[in-house]
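The chain contents come next:
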Amino acid sequence: MTGFFKIEGLKEIDSALAALPRATSKAVVRRALKKELAPVADMANGLWPGADDGAFAVSAKLKKGQQGPEAGPNAVNMFVGSTPAAPHAHLLEWGTEPRYHKSGKYVGAVPPDPMLTPSWDAHKGNIIEGLAASIRQEIEATIRRRANRGR
């Protein structure tokens, strides 16, 4: 499936994350992913033909009825997608076939006007490169916060 990627071979990051409680390490990765995926949502919002700049956002949750990837207990998934402000974004992204009422009346077709696809294509290389650095920064910040709290 396009858009999913897996980072392997980052042993020092994996060791540092393993030293933290599982919920904390997952939060570290979630914050880093959100930071790295934000430019994708920002660019998609810039391409959005509507007046709302909040049409796309980064989230850990999918909409009701959307199926996500298989996830184990240590998996962290983040998604870039439309917000409730733009529930019809998928219709604009991929377009529609000609549509007809039950009576046979033609009600139009929507040509594709991609926003997320070009945003993903423009940023996907930077995400993987920047993710390791973002995770390291988040680990360091988390360790500092935990030390300040006496943990």
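Data block above holds the structure.
Here's a quick rundown of the structure. What you are looking at is a predicted structure, and each value in this text was computed from that prediction instead of being measured.

Calculation notes
One numbering rule holds for all chains: residues counted from 1, following each sequence as written. Reporting in this predicted model follows two pLDDT cut-offs: at least 70 for local features of residues, and 80 or more for side-chain atom pairs to be given and counted; totals over whole chains, interfaces and linings ignore these cut-offs and use all residues. Excluding hydrogens and water, the side-chain values take into account all heavy atoms of the structure. A run of H or I in DSSP becomes a helix once it reaches four residues, and a run of E becomes a strand once it reaches two; helices and strands are each numbered from the N terminus. Multiplying 1.5 Å by the helix residue count minus one yields the expected span of that helix. Bend, at a single residue, is the angle you get between axes fitted to the 7 residues ending at that residue and the 7 residues starting at it. Residues count as neighbours in contact if any of their non-hydrogen atoms are within 4.5 Å of one another. Here a salt bridge means any side-chain nitrogen of Lys or Arg lying within 4 Å of a carboxyl oxygen belonging to Asp or Glu. Each residue's exposure class comes from its accessible area (1.4 Å probe, protein chains only) as a fraction of the maximum for that residue type: buried when under 20%, exposed when over 50%, partly exposed otherwise. Every axis corresponds to a line fitted to the C-alpha atoms, with the helix fit spanning only the stretch in contact, and the corresponding angles, defined between N-to-C directions, vary from 0 to 180 degrees. Geometric relationships in this document are graded by angle, where less than 35 degrees denotes roughly parallel, more than 145 denotes roughly antiparallel, 65 to 115 denotes roughly perpendicular, and other angles denote oblique. For a crossing to be left-handed, the near helix must be turned anticlockwise from the far one by less than a right angle; the clockwise case is right-handed. Amino acids are sorted into nonpolar (Ala, Val, Leu, Ile, Met, Phe, Trp, Tyr, Cys and Pro), charged (Asp, Glu, Lys and Arg) and polar (every other residue, Gly among them). The pairing criterion is simple: DSSP has to find at least two bridges between the two strands.

Next up on the list: helix α2 (residues 22-47). Three or four residues apart is the spacing at which side chains of an α-helix point the same way, because the helix has 3.6 residues per turn. In this model α2 runs 37 Å from its N-terminal to its C-terminal C-alpha over 26 residues, within 8% of the 38 Å that 1.5 Å per residue would give. The axis of α2 is deflected most strongly, by about 35°, at Leu37, and proline Pro39 appears within four residues downstream. Packing partners of the buried residues in α2 comprise α1 (11-18), β1 (56-59), β2 (79-82) and α4 (116-148).

Turning next to the environment of Ala32. Among the structural elements, Ala32 can be located in helix α2. Separated by 30 residues in sequence, Ala32 and Leu62 have C-alpha atoms that sit 18 Å apart. Apart from residues lying up to four places away in sequence, Ala32 is in contact with Leu131, Ser134, Ile135 and Glu138.

Inspection of the entire model under this criterion finds 3 salt bridges. Among the ionic pairs, Asp121 bridges to Lys124, the shortest N-O distance being 3.7 Å. Taken together, the residues Asp121 and Lys124, both in helix α4 and 3 residues apart, mark about one turn of the helix. According to the relative accessible area criterion, Asp121 is partly exposed, its value standing at 46%. The class for Lys124 is partly exposed, based on a relative accessible area of 38%.

With that settled, the discussion passes to the packing of α1 against α4. Between α1 and α4, the least distance of the axes is 11 Å, while the angle of their chain directions is 30°. In terms of orientation, α1 lies roughly parallel with respect to α4. The crossing of α1 and α4 is left-handed. In contact with Glu12, Ile13, Ala16 and Leu17 of α1, α4 contributes Ala132, Ile135, Arg136 and Ile139. Residues that form the contact of α1 with α4 fall into these classes: 6 nonpolar, no polar and 2 charged.

We now examine the packing of α2 against α4. In helix packing, the relevant descriptors are the interaxial angle and the interaxial distance, both defined with respect to the helix axes. As a packed pair, α2 and α4 sit with axes 7 Å apart at the nearest point and diverge in direction by 150°. On the basis of their axis angle, the class for α2 and α4 is roughly antiparallel. By crossing handedness, the relation of α2 to α4 is classed as right-handed. Residues belonging to the contact of α2 with α4 are distributed by class as follows: 17 nonpolar, 8 polar and 6 charged.

This next bit is on the pairing of β1. Side-chain positions along a regular strand alternate between the two faces of the sheet. The two faces of β1 differ: Phe56 and Val58 on one face are buried, but Ala57 and Ser59 on the other face are not. Of the strand pairs in this sheet, β1 and β2 are connected by 4 bridges, and their pairing is antiparallel. Within the sheet, the bridge partner assigned to Phe56 lies in β2 and is Ser82.

For the rest of this paragraph, the subject is the environment of Ala85. One can find Ala85 in the loop between β2 and α3 (89-94). Taking relative accessible area as the criterion, Ala85 reaches 43% and is therefore assigned partly exposed. Taking the C-alpha atoms as reference points, Ala85 and Gly54, separated by 31 residues in sequence, lie 6.8 Å from one another.

Let us now look at the side chain of His123. Its location among the elements puts His123 in helix α4. Once residues within four sequence positions are removed from consideration, His123 is found in contact with Pro39, Val40 and Met43.

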